[in-house]
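What the coordinates show
Each chain, letter by letter, is given below.
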Amino acid sequence: MKVKGAIFDLDGTILDSMTIWGDIAIDYLKSHGATPRDSIREDLRATNTVEEAEHYIRHYGINKSVEEVIQGRDSMMLSRYKTDVKLKSGVKEVLETLKSRGVKICLATATERNLAEPAIKAHGIEGYFERIFTCSEENTSKKYPDIYSKAAKFLETAPHETIVIEDALYAAKTAKKAGFITIGVYDLVSDDIQDELKEVCDYYFVRMNEMLELL
């Protein structure tokens, strides 16, 4: 397959971090005297940073502004990115292969920049990405195609020649509807939606390094 551009998701795709994000949500709520519902991980599955903070305020009575919630939660996550989060298997090999073939790469994430940048730097992969796009900075969510369209415009590649690599079903659906070549990757936290992810995406891999056969 010949492509000119690649747009990667971060959490659950490049980083094996989704379980920890769920832990942070629970820890944050408990630190403010709230009892997380059993469904908390599912409740937050398709949210961006602002939507997550609003969820805490609306459903758990957290008496803080959205900005204060985000700051508090992010401070808890930052150290975990540096110490506990690992790259998914084969990520560096895939990035290196794409770069060696002249494919332009960027990151499109619902995670804040102040977390995304330290996270990729901690794992030595920042040099592969020409730019990081975040949902908050673009004032959007991956429920809408804006972040992918803006990333492709920056890369100067059309959707049909650009791959979007995602672990989240809702995000993959968005990219697919917008005309991008979609690649789904397995993540344990989303184990229950893998059949749907396979159906939606043009390609699907359990491990990132399996993608090398396609490239």
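In this report, the structure presented in the accompanying data block is examined. All chains use their own residue numbering, which begins from 1 and follows the written sequence. Local features in this predicted model are restricted to residues of pLDDT 70 or higher, and side-chain atom pairs are both shown and tallied only at a pLDDT of 80 or more, whereas totals for entire chains, interfaces and linings draw on every residue. Excluded from the side-chain calculations are hydrogens and water; all other atoms, namely the structure's heavy atoms, are used.

**So, the overall build of the chain**
- Counting its secondary structure elements, the chain contains 9 helices and 8 strands.
- Just to be clear, the radius of gyration here is over C-alpha atoms, and the globule rule we use is 2.2 Å times residues to the power 0.38. A compact globule built from 215 residues would reach a C-alpha radius of gyration of about 17 Å, and the chain, at 17 Å, matches this within 12%.
- Three exposure classes are used, based on accessible area relative to the maximum for each residue type with a 1.4 Å probe and protein chains only: buried under 20%, partly exposed in between, and exposed over 50%. Counting over 215 residues, the chain shows a buried share of 53%.
- Contacts in the chain between residues far apart in sequence, at least 24 positions, make up 66% of those at least 6 positions apart.
- Method for areas: the Shrake-Rupley scheme with a 1.4 Å probe, in which residue coverage is limited to the protein chains shown. Of the roughly 10,100 Å² that the chain leaves accessible, carbon and sulfur atoms contribute 47%.
- When charges are tallied, Lys and Arg are placed among the positive residues and Asp and Glu among the negative ones, while His and the ends of the chain are skipped. Here the site of a charge means atom NZ of a Lys, CZ of an Arg, CG of an Asp or CD of a Glu. One finds the centroid of the 29 positive side-chain charges in the chain at a distance of 3 Å from the centroid of its 37 negative side-chain charges. A run of DSSP states H or I qualifies as a helix once it reaches four residues; a run of E qualifies as a strand once it reaches two. Both are numbered from the N-terminal end. The contact rule is simple, with two residues in contact once any of their heavy atoms fall within 4.5 Å.

**Describing the packing of aromatic side chains**
- Stacked, tilted and edge-to-face pairs are distinguished by plane angle, under 30 degrees for stacked and over 60 for edge-to-face with tilted covering the rest, among Phe, Tyr and Trp rings (Trp via its six-membered ring) whose centres lie within 6.5 Å. Using the criterion set out here, one finds 5 aromatic pairs in the structure.
- Ring plane angle 65° and centroid distance 5.9 Å describe the contact between Phe-133 and Phe-154, whose orientation is recorded as edge-to-face. On the criterion of sequence distance, the pair formed by Phe-133 in strand E5 (residues 132-134) and Phe-154 in helix H7 (residues 146-155) is long-range, its members being 21 residues apart.
- We classify Phe-133 as buried; its relative accessible area is 2%.
- A relative accessible area of 33% places Phe-154 in the partly exposed class.

**Looking at the sheet that holds strand E8 (residues 203-205)**
- DSSP-based pairing: two strands are paired if at least 2 bridges between them are found. Within the open sheet, the 6 strands sit side by side as E5-E4-E1-E6-E7-E8. Their pairing is parallel. Taken across any chain shown, the strands that pair with only one partner, and hence form the sheet edges, are E5 and E8. Neighbour to neighbour, the strand axes of the sheet diverge by 20° on average, direction disregarded.
- The pairing of strand E7 (residues 181-185) with E8 spans 3 bridges and is parallel. Counted as the bridge partner of Gly-184 is Tyr-204 from E8.
- All axes are obtained by fitting lines to C-alpha atoms, using only the stretch in contact for helices, and the reported angles, taken between N-to-C directions, cover 0 to 180 degrees. Packing against the sheet, helix H5 (residues 91-100) makes contact with strand E1 (5-8), strand E4 (104-109) and strand E6 (162-166), and its axis sits at approximately 155° to E1.

**Concerning the packing of helix H3 (residues 49-60) against helix H4 (residues 66-83)**
- Running from N to C, H3 and H4 cross one another at 105°; their axes reach a closest spacing of 9 Å. By the criterion of interaxial angle, the relationship of H3 to H4 is roughly perpendicular. Along the contact surface, H3 presents Thr-49, Val-50, Glu-52, Ala-53, Glu-54, Tyr-56 and Ile-57, while H4 presents Val-66, Val-69, Ile-70 and Arg-73. Any angle that is under 35 degrees is reported as roughly parallel, and any over 145 degrees as roughly antiparallel; angles of 65 to 115 degrees are reported as roughly perpendicular and all others as oblique.

**Considerations on the environment of Ala-152**
- Residue position: Ala-152 is located in helix H7.
- A relative accessible area of 4% places Ala-152 in the buried class.
- Considered as a pair, Ala-152 and Ile-163 are 11 residues apart in the sequence and their alpha carbons are 9.7 Å apart.
- Those residues in contact with Ala-152 that lie beyond four places of it in its chain are Ile-7, Thr-157 and Phe-180.

**Examining the side chain of Thr-47**
- Mapping Thr-47 onto the fold places it in the loop between helix H2 (40-43) and H3.
- In terms of polar contacts, Thr-47 uses its side chain to reach the backbone carbonyl oxygen of Leu-44, at 2.8 Å.
- Beyond its immediate sequence surroundings of up to four residues, Thr-47 is in contact with Glu-52 and Tyr-170. Within 3.5 Å is the distance limit for a polar contact, defined as a pair of N or O atoms, with the added protein rule that one can donate a hydrogen and the other accept it, and that residues adjacent in sequence qualify only through two side-chain atoms.

Note that every value here comes from positions in space, so none of it alone points to a role or purpose.
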